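Coordinate inspection notes
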Amino acid sequence: MKKLSETEDIDPRILDRLRAYTALDNPIRLRAFRLIHDSPGLPFHEIAKAVRIESGLLAYHMGVLRAAGLVDVAYERDGRQVTAYRLGATGQELFSELFANPSSRSSSRRASVLQRVAARQH
Amino acid sequence: MTGGTAVRRVHAIRKETEDRLNRSGLVVMLLGSSGRGLDERRAVAHVLGSRGIIALVPEDDFPPEVGPSVIEEEILERSDVDLVFLSIESWGAATEFGQFSSNPRIAPKLRVLVRPEYHPVHSPSRSYLSDLYLTHLVRYGHVYPVDGGRQAPVPSAKALIPMLAERHREIKALRPSNITK
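The structure presented is a predicted model; accordingly, all values stated were derived computationally and were not measured.

Comments concerning the interface of chain A and chain B
Opposite the 50 residues of chain A that make contact, chain B presents 50 residues. The interface formed by chain A and chain B includes 4 salt bridges. Here A:Asp25 makes a salt bridge to B:Arg14, at a shortest N to O gap of 3.1 Å. Applying the counting criterion to the chain A and chain B interface returns 9 residue pairs in polar contact (both at pLDDT 80 or more). Put simply, the parts of the chain that give the side of chain A that touches chain B at least two residues each are helix 1 (12-24), helix 2 (27-38), helix 4 (55-67), strand 3 (80-87), helix 5 (89-99) and helix 6 (107-121) of chain A. Of the residues contributing to the side of chain A that touches chain B, the split by class is 26 nonpolar, 11 polar and 13 charged.

Structure follows, in structure tokens:
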């Protein structure tokens, strides 16, 4: 069996991307990610209304997006405490890569990422 | 791009990255007590994050509109979380252990961390809790002694959790059928 490289030897940017794409590899999280991009500062309860899942499960999905470094969180008080989400710098970058400017996106960017991964492995 | 197309594209990029790295993406939950235990979980989450693993600390990552104690069992049952590390340092965490270990949809993901003096292999304790640990150990094999200090040479949680998570995602990537769900 091929010997695995140590995680410490892998480019941290590639590990960040694995974390980010693991987070986005779920239809609910991807939908929330797009909603937050379209409405920066979107409150938790508005996301819950839009994606139509129980707030407990949505709390988990929003936690994953946050722990993956894709969204930033702000706590505001509007009678009660409100958690509001916006894309962080990594989230913005990934959004552009995935959704913006279809003609220039894609295979070239993805190939460059994978080439970097391959270069570290060989 | 439609929603379905975007989902497929994200999945394809993830799989290609995983295949190249021979490592799977992973989502883990770090549960335990507050105070020093919370500081330690934050430190572990930082280590795991730097390795490309998503590590959730509910007190930090879940919105306060939803109480973690109310939602955890449902989340652990229904979400795509891969591993749940539970450090038992308080009666609250011990209660959670009892709840999760009796749930067949959660128990296989559970990795239980206890101090050596309560671990059924390392201690002669015959308490009810130690007996529950023994049952979980025999059924699922995932009860680990941690933080023994000078008296018991076992690893810290901060050293153990990344080691277990790292091996889990290697197995998940290379031999996914070997992962018990």
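There is more to say after this.
Quick look at the sheet that holds strand 1 (residues 42-43) of chain A
All names here are of chain A. What the 3 strands build is an open sheet, ordered 1-3-2; its pairing is antiparallel. Strands with a single pairing partner mark the edges of an open sheet, and in this sheet they are strand 1 and strand 2 (71-78). Of the strand pairs in this sheet, strand 1 and strand 3 are connected by 2 bridges, and their pairing is antiparallel. Opposite Leu 42, over in strand 3, you have Tyr 85 as the bridge partner. Packed onto the sheet, helix 4 meets strand 2 and strand 3 and runs at close to 125° relative to strand 2.

Topic: the packing of aromatic side chains
One pass over the structure, following the stated rule, counts 3 aromatic pairs over all chains. Pairing B:Phe97 with B:Tyr133 gives two aromatic rings, centres 5.1 Å apart and planes at 50°, and the pair type is tilted. Of this pair, B:Phe97 sits in helix 5 (residues 91-101) while B:Tyr133 sits in helix 6 (residues 128-140), and the two are 36 residues apart along the sequence. Here B:Phe97 and B:Tyr133 have matching classes, each one buried. Among the aromatic residues, those joined into a cluster by ring pairs are A:Phe33, A:Phe95 and A:Phe99.

Some words on the confidence of the model for chain B
Predicted confidence across chain B gives a mean pLDDT of 89, with 94% of residues reaching 70 or more. Taken over the whole predicted complex, pTM reads 0.86, whereas the ipTM for its chain interfaces reads 0.89.

Topic: the pairing of strand 1 (residues 27-31) of chain B
Residue and element names in this part refer to chain B. Counting buried positions over the 5 residues of strand 1 gives 5, a clear majority of the element. Burial of the side chains of strand 1 extends over both faces: Val 27, Met 29 and Leu 31 are buried on one face and Val 28 and Leu 30 on the other. On the question of chirality, the crossover connecting strand 1 to the parallel strand 2 (residues 54-56) by way of helix 2 (residues 36-50) is right-handed. In the sheet, strand 1 pairs with strand 3 (residues 83-87) via 4 bridges, with the strands oriented parallel. Residue pairing across strands places Val 28 opposite Leu 83, the latter belonging to strand 3.

A few points about the sheet that holds strand 3 of chain B
Residue and element names in this part refer to chain B. Pairing is parallel across the open sheet formed by 5 strands, whose spatial order is 2-1-3-4-5. In this open sheet, the two strands that pair with only one neighbour each are strand 2 and strand 5 (143-145). Each strand of the sheet is rotated relative to its neighbour by a mean of 20°, with strand direction disregarded. Alignment of strand 3 against strand 4 (residues 110-114), held across 4 bridges, turns out to be parallel. Across the sheet, Phe 85 pairs through a bridge with Arg 111, a residue of strand 4.

Here's the deal with the side chain of B:Thr17
Residues and elements named next belong to chain B. In this structure, Thr 17 sits in helix 1 (residues 3-21). Looking at Thr 17, the relative accessible area reads 4%, which means it is buried. From its side chain, Thr 17 meets the backbone oxygen of Ile 13 in a polar contact 2.8 Å long.

Notes on empty space enclosed by the protein
Residue and element names in this part refer to chain B. If you walk through the whole model with that rule in mind, you get 1 cavity of 30 Å³ or more. Approximately 50 Å³ is the volume found for the largest cavity. Looking at the largest cavity, the residues that line it are Leu 30, Leu 31, Glu 40, Arg 41, Val 44, Phe 85, Ser 87, Ala 157 and Ile 161. Secondary structure elements with two or more residues in the lining of the largest cavity: strand 1, helix 2, strand 3 and helix 7 (157-174). It is helix 2 that provides the largest number of residues to the lining of the largest cavity, a total of 3 residues. Residue composition of the lining of the largest cavity, by class: 6 nonpolar, 1 polar and 2 charged.

Concerning the packing of helix 1 of chain A against helix 5 of chain A
Residue and element names in this part refer to chain A. Two elements in contact, helix 1 and helix 5, have axes whose closest approach is 12 Å; the angle formed by their N-to-C orientations is 65°. Classified by the interaxial angle, the pair formed by helix 1 and helix 5 is roughly perpendicular. Judged by the twist between their axes, the crossing of helix 1 over helix 5 is right-handed. In this structure, helix 1 contributes Arg 17, Ala 20, Tyr 21 and Leu 24 to the contact, and helix 5 contributes Leu 94, Glu 97 and Leu 98. Its residues placed into classes, the contact of helix 1 with helix 5 shows 5 nonpolar, no polar and 2 charged.

Calculation rules
Residues numbered from 1 in each chain as written. Chains lettered and ligands numbered in written order. Predicted model: local features only at pLDDT ≥ 70, side-chain atom pairs only at ≥ 80, totals over all residues. Heavy atoms only, no water. Contact = heavy atoms within 4.5 Å. Salt bridge = Lys/Arg side-chain N within 4 Å of Asp/Glu carboxyl O. Polar contact = N/O pair within 3.5 Å; in protein donor to acceptor, adjacent residues only side chain to side chain. Helix = DSSP H or I, 4+ residues; strand = E, 2+ residues; numbered from the N terminus. Nonpolar A, V, L, I, M, F, W, Y, C, P; charged D, E, K, R; others polar. Pairing = 2+ DSSP bridges. Axes fitted to C-alpha atoms, helices over the stretch in contact; angles between N-to-C directions. Phe/Tyr/Trp six-rings, centres within 6.5 Å; stacked < 30°, edge-to-face > 60°. Buried < 20%, exposed > 50% of the residue type's maximum accessible area, 1.4 Å probe, protein only. pLDDT = per-residue confidence, 0-100. Right-handed = clockwise from strand over helix to strand, strands pointing away. 1 Å grid on protein atoms, 1.4 Å probe; cavity = no way out; pocket = protein on both sides within 12 Å on 5 of 7 lines; lining within 4 Å. Points joined across faces, edges and corners; volume = space filled by probe spheres on them. Parallel < 35°, antiparallel > 145°, perpendicular 65-115°, else oblique. Left-handed = near helix turned anticlockwise from the far one by under 90°.

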